[in-house]
Amino acid sequence: MNRIDDLSEQILQKCRFCNPPERERILWETENFYVMVSLGPIVEGYLLIVTKSHIGACLNIPEDLLPEFLMVKEKVKAILTSVYGECMFYEHGKAGSSLLIDGHIHCYHAHMHCFPLSDNLHYDISLEYTPQIFDSLEEAYSSNKGIDKYLLVEDDKVYVYLPSDKPRSQYLRYKLACHVGHPDRWDWVNNQNWEMIDETVKRLKPYFV
């Protein structure tokens, strides 16, 4: 797989989540979700859980699809923990989106970021925003159902932030990239990191059966 030179143009012209052109990056799928290796992985093993339909945020997933989503999430967590020893998640909701929401359907696919780290990323975010703290994603979902402008970080707990301002684009990606000492990796369009994508596919694909 090679660098996509016209990625910015592709994003504006079509929804790359509806019809992902690099099918090799998809490791597993169910009826309503698929797991793919992210473009611009910040660390090896960096995955996305993506809704197949246009759902704006993970905390807006319809109740009848929630058990399927949680099953996919637990499978990803089990695999990343087995291979790398640890796993965390985050999601922007519709706050700090990578693209403008109006007119850009990319942002209407909820996508949970999954990666093999156990650092206290939530501490960095909590210096700027006050979190709600939950024991599980189900609790966070029940408490914030219908809210779409939020930030979410999950390690042993689930931290939901409801910023009153608009965070910078790719806020959590930027915070994570800085946290691991590679601040340039937040920009997944210009830093696609195909060598790490290929390594992640090669390492994790056998586990998604």
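Above this text sits the structure in question.
Residues numbered from 1 in each chain as written. Predicted model: local features only at pLDDT ≥ 70, side-chain atom pairs only at ≥ 80, totals over all residues. Heavy atoms only, no water.

A word on helix α6 (residues 194–204). Listing the buried residues of α6 in full gives Trp 194, Met 196, Ile 197, Thr 200, Val 201 and Leu 204. An end-on view of α6 places all buried positions within 155 degrees of arc, on one side of the element. Seen from the buried face of α6, the exposed residues on the opposite side, beyond 90 degrees, are Glu 195 and Lys 202. Residues of α6 that are buried sit in contact with β1 (26–29), β2 (33–37), β3 (47–51) and α2 (66–84). (Buried < 20%, exposed > 50% of the residue type's maximum accessible area, 1.4 Å probe, protein only. Helix = DSSP H or I, 4+ residues; strand = E, 2+ residues; numbered from the N terminus. Arc of directions from axis to C-beta. Contact = heavy atoms within 4.5 Å.)

So, about the nonpolar core. Residues Leu 47, Ile 49, Phe 69, Met 112 and Phe 208 are the most contacted members of the largest nonpolar core, which totals 42 residues. Listed by contribution, the elements that provide at least two residues to this core are β1, β2, β3, α2, β5 (111–115), α4 (137–144), β8 (158–161) and α6. Per element, the largest residue contribution to this core is eight residues, and it comes from α2. Aside from chain neighbours lying at most four places away, what touches Phe 208 is Leu 27, Trp 28, Val 35, Leu 47, Lys 75, Val 76 and Ile 79. Counting residues in each nonpolar core, the second largest holds 24 residues, with Val 50, Tyr 90, Phe 115 and Leu 151 among its members. (Core = buried A, V, L, I, M, F, W, Y, C linked by side-chain atoms within 4.5 Å.)

Running from N to C, α2 and α4 cross one another at 145 degrees; their axes reach a closest spacing of 12 Å. Here α2 runs over α4; the crossing is right-handed. In this structure, α2 uses Leu 66, Phe 69, Leu 70 and Lys 73 to contact α4, whose residues at the interface are Leu 137, Glu 138 and Tyr 141. Tallied by class, residues from the contact of α2 with α4 come to five nonpolar, no polar and two charged. (Axes fitted to C-alpha atoms, helices over the stretch in contact; angles between N-to-C directions. Left-handed = near helix turned anticlockwise from the far one by under 90°. Nonpolar A, V, L, I, M, F, W, Y, C, P; charged D, E, K, R; others polar.)

Counted under the stated rule, the structure contains eight salt bridges. One salt bridge connects Lys 73 with Glu 154, and the closest N-O pair in it is separated by 2.9 Å. Residue Lys 73 is located in helix α2, and its partner Glu 154 is located in strand β7 (residues 151–154); the two are separated by 81 residues in the primary sequence. According to the relative accessible area criterion, Lys 73 is buried, its value standing at 2%. Take Glu 154: its relative accessible area is 8%, and that puts it in the buried class. Here the residues in one salt-bridge network are Arg 23, Glu 29 and Lys 52, joined through shared partners. (Salt bridge = Lys/Arg side-chain N within 4 Å of Asp/Glu carboxyl O.)

Moving on: the sheet that holds β5. Hydrogen bonds along the backbone pair up the strands of a sheet, which may run parallel or antiparallel. Overall, antiparallel pairing links the eight strands, which are arranged β1-β2-β3-β5-β4-β7-β8-β6 in an open sheet. Two strands in the sheet have a free side with no partner beyond their single neighbour: β1 and β6 (131–134). Across the sheet, the axes of successive neighbouring strands diverge by a mean angle of 20 degrees, strand direction being ignored. With three bridges connecting them, β1 and β2 associate as antiparallel partners. Bridge assignment links Trp 28 to a residue of β2, and that residue is Val 35. (Pairing = 2+ DSSP bridges.)

On to the pairing of β2, then. The two faces of a sheet get side chains in turn, since along a regular strand they alternate between them. Among the five residues of β2, five are classified as buried, and the element is accordingly described as predominantly covered. Of the two faces of β2, both are covered, the one formed by Phe 33, Val 35 and Val 37 as well as the one formed by Tyr 34 and Met 36. Between the antiparallel neighbours β1 and β2 lie three residues. For β2 and β3, the ladder comprises five bridges, and the chain directions are antiparallel. Paired with Met 36 across the bridge in β3 is Leu 48.

The subject of this paragraph is the environment of Glu 139. Tracing the sequence through the fold places Glu 139 in helix α4. Distance in space between the C-alpha atoms of Glu 139 and Val 158 is 8.8 Å, their sequence separation being 19 residues.

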